Amino acid sequence: MKLSLLPLASLVLVLLVVGITLRFNSRHAIAPFLPQEYSQVAHIQGTFTEAKLEPPPALPPEVFINAAAAAARPGIATADRDWSKLDPHFVQTVLQIMKKMAERGYPMALLEGYRSPERQDGLATQATVVTKAKGGQSKHQYGLAVDLAPMKDGKIIISERDKWAFEAYQALGEEAVAAGLTWGGVWSFKDYGHIEKAGSLAALMRNK
């Protein structure tokens, strides 16, 4: 009688071990993976959402109406400063640059963003040379370029002849290059406040 119970006891023991093993694996091998992955994705998405910057409030037109601004940039008081007309990814890069500039002690103002082909032609043909690009040849027409200027004591200083403003423009160039943009201060025709998306216009339009 005792010999006949021995194989049965062994079988019960084997089944018990198998049952415990399966239960352990179901708790510790499968369950943790999916919740952890979803948690990581949610964290990454939250980080990107928090990192998105909003454009600053529009400055009143009178800030742009002064002798220095009028001489350097005709029509600047009525220039287009609507951030929504610019490429959204480019906007985020520009806002990051403006944030870093403010941290360095050089708050910047948007002088002009989108520029119509007609205004581009007007600037290219006027007596005071502002740009050599004609309508359709500038990245302003495609929302991929902006003109910025430093602000001091509530006033916009466009002229690079001002020592403080020149230092601000040099800092702008450093930040723009670090962000992968092109700075107009390195061109043969200097445009210190101009920053734009790098690359030829033709290539950018093909990849858009």
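Here, every reference points to the structure presented above.
These figures come from a predicted structure and were not determined experimentally.

Enquirer: Help me understand the nonpolar core in this model?
Expert: Note that soluble globular proteins tend to have their nonpolar side chains buried in a common cluster. Ranked by size, the top nonpolar core spans 38 residues in total, and within it Trp83, Val94, Val146, Leu148, Ile156, Leu172 and Ile195 carry the most contacts. In this structure, isoleucine 195 is in contact with Phe90, Val94, Ile97, Ala145, Val146, Leu148, Leu172, Ala176, Leu181, Thr182 and Trp183, ignoring residues within four places of it in sequence.

Enquirer: So what exactly am I meant to see when it comes to the pattern of salt bridges here?
Expert: Once the charged atoms of two side chains with opposite charge are near each other, the side chains can pair. The tally for this structure, following the rule as stated, stands at 8 salt bridges. Across the salt bridge formed by arginine 104 and glutamate 175, the nearest N and O atoms sit 3.0 Å from each other. Of this pair, arginine 104 sits in the loop between helix 4 (88–103) and strand 1 (108–112) while glutamate 175 sits in helix 6 (residues 163–178); the two residues are 71 residues apart in sequence, bridging distant segments of the chain. The class of arginine 104 is partly exposed, set by a relative accessible area of 38%. Exposure remark for glutamate 175: the relative accessible area of 13% places this residue in the buried category. Salt-bridge contacts for lysine 163 lead to glutamate 167; the nearest nitrogen and oxygen are separated by 2.7 Å. With lysine 163 and glutamate 167 both in helix 6 and 4 residues apart, the pair spans about one turn of that helix.

Here is what the cut-offs are and how they apply
Residues numbered from 1 in each chain as written. Predicted model: local features only at pLDDT ≥ 70, side-chain atom pairs only at ≥ 80, totals over all residues. Heavy atoms only, no water. Core = buried A, V, L, I, M, F, W, Y, C linked by side-chain atoms within 4.5 Å. Buried < 20%, exposed > 50% of the residue type's maximum accessible area, 1.4 Å probe, protein only. Contact = heavy atoms within 4.5 Å. Salt bridge = Lys/Arg side-chain N within 4 Å of Asp/Glu carboxyl O. Helix = DSSP H or I, 4+ residues; strand = E, 2+ residues; numbered from the N terminus.

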